[in-house]
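# Structure assessment
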Amino acid sequence: MARQGRGRDLIQIYETMLRIRLFEERVIRSYPGQEMKTPVHLCVGQEAVAAGVCRNLTDKDYVFTNHRCHGHCLAKGMSMSSILAELYGKRTGCCKGKSGSMHLSDPDRGILATSAIVGGNIPVAVGAALSLKFRKSRNIAVVFFGDGAVDEGAFYESLNFSALKKLPVLFVCENNFYATNSPQKARQPVDNIFKRGGIFGIKGFRCDGNDAVEVFDLSKGLIEKIRKGSGPYLMECRTYRWKGHVGPDCDFEKGCRPKYELDGWVRKCPVKRLEDKLSRKGLLTGSGAEKMRVKIEREISKAENFAKRSRFPNTGELYEDVYWKG
Ligand SMILES: Cc1ncc(C[n+]2csc(CCOP(=O)(O)OP(=O)(O)O)c2C)c(N)n1
């Protein structure tokens with residue numbers, strides 16, 4: 001029975017990763033059409049982290065994310081139509097066309113706010129975790145951030161306070177080794193992000209962020225402990241973004257990173273890796289994967305048509321819904 005349950009989890013994670021990948025591939029194809037006016041920070045190559053962690057969460061758990069948020073929002077169950085409509089700046093988007101790609105939110109799915117301020121989402125997640133603790137909830141807050149956010153003071157203040165108050169929060173660093181075009185080794189003297197909570201008594205773990213099973217298993221164990229009152233944990237998932245910092249192009253052409261490095265990570269494609277693992281275990285056939293792909297492409301086309309057909313907000317609506325009256 002347990003194995004069946006786990007098999008279901010892995011299939012579900014695969015489907016989520018494929019949804020994120022195909023969604024972003026559609027954004028890449030549509031973006032040059034100039035209809036989306038928002039900048040887009042794509043997470044192609046990083047899908048395993050969002051899908052693996054979020055599989056362990058419920059709607060009532062909170063997720064806080066950053067400028068590279070499409071994958072986390074999809075994995076947390078946000079509607080694709082409301083995300084795409086937001087990218088097109090339309091009234092039917094999750095923030096009624098006011099947020100663009102970097103500030104997606106959906107309180108019903110536990111996505112209270114998305115912050116493009118590097119590291120800015122971390123203390124907000126800690127605040128949400130404090131409120132969960134006050135309410136004696138079994139729910140938790142998870143915050144996704146990049147290796148660049150680890151350079152911010154807010155990260156350390158948040159580690160300190162959450163450890164002091166034993167707050168139900170999981171810190172998930174997606175270490176893709178770059179902040180804009182600045183490599184981790186040019187900014188951090190020691191490659192030890194997962195150990196940075198140690199001085200506050202927070203245990204940290206490093207995993208292969210391109211191996212969805214590893215991400216799922218590690219986060220599952222930590223999330224179970226956090227729900228039981230352990231206090232915070234820190235996870236460092238080592239991964240790589242295939243696209244440039246912002247926009248649909250790769251950036252090796254501009255000399256921002258070497259092509260061989262990108263090629264090496266493309267060979268470690270997280271979607272393909274899970275697909276191969278599932279087919280070796282007999283959990284997924286080629287035709288099963290193809291059916292899934294067709295279903296998702298249909299969903300994306302529907303969302304895209306919906307977004308394109310929706311109307312823009314009126315200028316008079318600019319100051320409406322700016323504050324959440326929860
Ligand atoms: C406080 C702050 N400083 C600088 C920026 C400009 N900025 C936007 S994204 C980014 C890099 C973020 O890198 P990282 O946190 O590693 O995330 P990644 O883009 O690699 O996913 C920077 C410097 C910002 N948005 N906020």
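Please read these numbers as outputs of a predicted model, since none were measured by experiment. (Residues numbered from 1 in each chain as written. Predicted model: local features only at pLDDT ≥ 70, side-chain atom pairs only at ≥ 80, totals over all residues. Heavy atoms only, no water.)

### Comments concerning the overall build of the protein chain
Along its length, the protein chain carries eleven helices and seven strands. The globule rule puts the C-alpha radius of gyration for 326 residues at 20 Å, and the 19 Å found for the protein chain is close to it. Split into buried and exposed, the 326 residues of the protein chain put 54% on the buried side. Of the contacts made within the protein chain by residues no fewer than 6 positions apart, 75% connect residues no fewer than 24 positions apart. Accessible surface computed for the protein chain: about 15,100 Å², of which carbon and sulfur atoms make up 54%. Of note, the protein chain has its 55 positive side-chain charges centred 4 Å away from the centre of its 37 negative side-chain charges. (Helix = DSSP H or I, 4+ residues; strand = E, 2+ residues; numbered from the N terminus. Rg over C-alpha atoms; globule rule 2.2 N^0.38 Å. Buried < 20%, exposed > 50% of the residue type's maximum accessible area, 1.4 Å probe, protein only. Contact = heavy atoms within 4.5 Å. Areas by Shrake-Rupley, 256 points an atom, 1.4 Å probe, with all protein chains shown as cover. Lys, Arg positive; Asp, Glu negative; His and termini not counted. Charge placed at Lys NZ, Arg CZ, Asp CG, Glu CD.)

### With respect to the nonpolar core
Formed by 72 residues in total, the largest nonpolar core has its most connected members in Tyr-14, Phe-23, Val-142, Leu-170 and Met-235. Here this core gets ten residues from one element, more than from any other, and that element is helix H1 (residues 2-30). Ignoring any residue separated from it by four or fewer positions in sequence, one finds Met-235 in contact with Val-53, Leu-170, Phe-171, Val-172, Cys-173, Phe-205, Cys-207, Val-215, Leu-218, Ser-219 and Leu-222. Ala-141, Val-150, Phe-155 and Val-169 belong to the second-largest nonpolar core, a separate cluster that totals 23 residues. (Core = buried A, V, L, I, M, F, W, Y, C linked by side-chain atoms within 4.5 Å.)

### So, the site of the ligand
Around the ligand, the structure places 15 residues, and the nearest of them are His-67, Arg-68, Gly-148, Asn-176 and Tyr-178. Backbone polar atom of Gly-148 to an oxygen atom of the ligand: 2.7 Å apart, as the coordinates give it. Coverage of the ligand by the protein amounts to 72% of the 590 Å² it exposes when considered alone. When its residues are assigned to classes, the shell around the ligand shows six nonpolar, six polar and three charged. (Near = heavy atom within 4 Å. Polar contact = N/O pair within 3.5 Å; in protein donor to acceptor, adjacent residues only side chain to side chain. Nonpolar A, V, L, I, M, F, W, Y, C, P; charged D, E, K, R; others polar.)

### A look at helix H4 (residues 80-87)
Burial runs high along H4: seven of the eight residues are buried. Along H4, the residues that are buried comprise Met-80, Ser-82, Ile-83, Leu-84, Ala-85, Glu-86 and Leu-87. Backbone geometry just after H4 places Gly-89 at a positive phi near 75°.

### Overview of the pairing of strand S6 (residues 204-208)
Here is the key point about a regular strand: its side chains alternate between the two faces of the sheet. Note: S6 against strand S7 (residues 233-238), five bridges, orientation parallel. Note on S7: the bridge partner recorded for Arg-206 is Glu-236. For the crossover that starts at S6, traverses helix H8 (residues 212-227) and ends in the parallel S7, the hand is right-handed. (Pairing = 2+ DSSP bridges. Right-handed = clockwise from strand over helix to strand, strands pointing away.)

### Section: the packing of aromatic side chains
Summed over the entire model, instances satisfying the criterion amount to seven aromatic pairs. Seen from their ring centres, Phe-177 and Trp-265 are 5.9 Å apart, and the 45° between their planes marks the pair as tilted. With Phe-177 in the loop between strand S3 (169-175) and strand S4 (178-179) and Trp-265 in helix H9 (residues 259-266), this residue pair connects regions lying 88 residues apart in the sequence. Pairing Phe-205 with Tyr-233 gives two aromatic rings, centres 6.2 Å apart and planes at 50°, and the pair type is tilted. (Phe/Tyr/Trp six-rings, centres within 6.5 Å; stacked < 30°, edge-to-face > 60°.)

### Examining the side chain of Arg-257
Relative to the elements of secondary structure, Arg-257 occurs in the loop between S7 and H9. Relative accessible area serves as the criterion here: at 4%, Arg-257 is assigned to the buried category. Contact partners of Arg-257, with chain neighbours within four places excluded, come to Tyr-178, Tyr-240, Arg-241, Trp-242, Lys-243, Gly-244, Asp-251, Phe-252 and Leu-262.

### A look at unusual backbone geometry
Positive phi is not limited to glycine here, since Lys-166 has a value of about 50°. Considering the arrangement of structural elements, one finds Lys-166 in the loop between helix H6 (153-164) and S3. Of note, Phe-177 is a non-glycine position whose phi angle comes to about 70°, a positive value.

### Details of the sheet that holds strand S2 (residues 141-146)
Strand pairing within a sheet occurs via backbone hydrogen bonds; the two strands may be parallel or antiparallel. Strand order in this open sheet of five strands is S1-S2-S3-S7-S6, and the pairing throughout is parallel. Strand pairing shows two members of the sheet lacking a second neighbour, strand S1 (62-64) and S6, which therefore form its edges. Looking at each pair of strands side by side, their axes are set apart by 20° on average, direction ignored. Most of the contacts of helix H2 (residues 47-54) go to S2, to which it runs at about 170°, and overall it touches S1, S2, S3 and S7. Packing against the sheet, helix H5 (residues 121-134) makes contact with S1, S2 and S3, and its axis sits at approximately 170° to S2. (Axes fitted to C-alpha atoms, helices over the stretch in contact; angles between N-to-C directions.)

### A word on H8
Its 16 residues give H8 an end-to-end C-alpha distance of 22 Å, which sits within 8% of 22 Å, the value for a rise of 1.5 Å per residue. Looking at H8, one finds that the buried residues are Ala-212, Val-213, Val-215, Phe-216, Leu-218, Ser-219, Leu-222, Ile-223, Ile-226 and Arg-227. A distance of 3.0 Å separates the backbone nitrogen of Val-213 from a side-chain oxygen at the start of H8, and that oxygen is part of Asp-211. Where H8 terminates, the next one or two residues include Gly-229, which has phi positive at roughly 105°. (Expected span 1.5 Å × (residues − 1).)

### Section: the side chain of Asp-211
Examined against the element boundaries, Asp-211 turns out to sit in the loop between S6 and H8. If near-sequence neighbours (up to four positions away) are discounted, Asp-211 is found in contact with Ala-48, Arg-273 and Lys-277.

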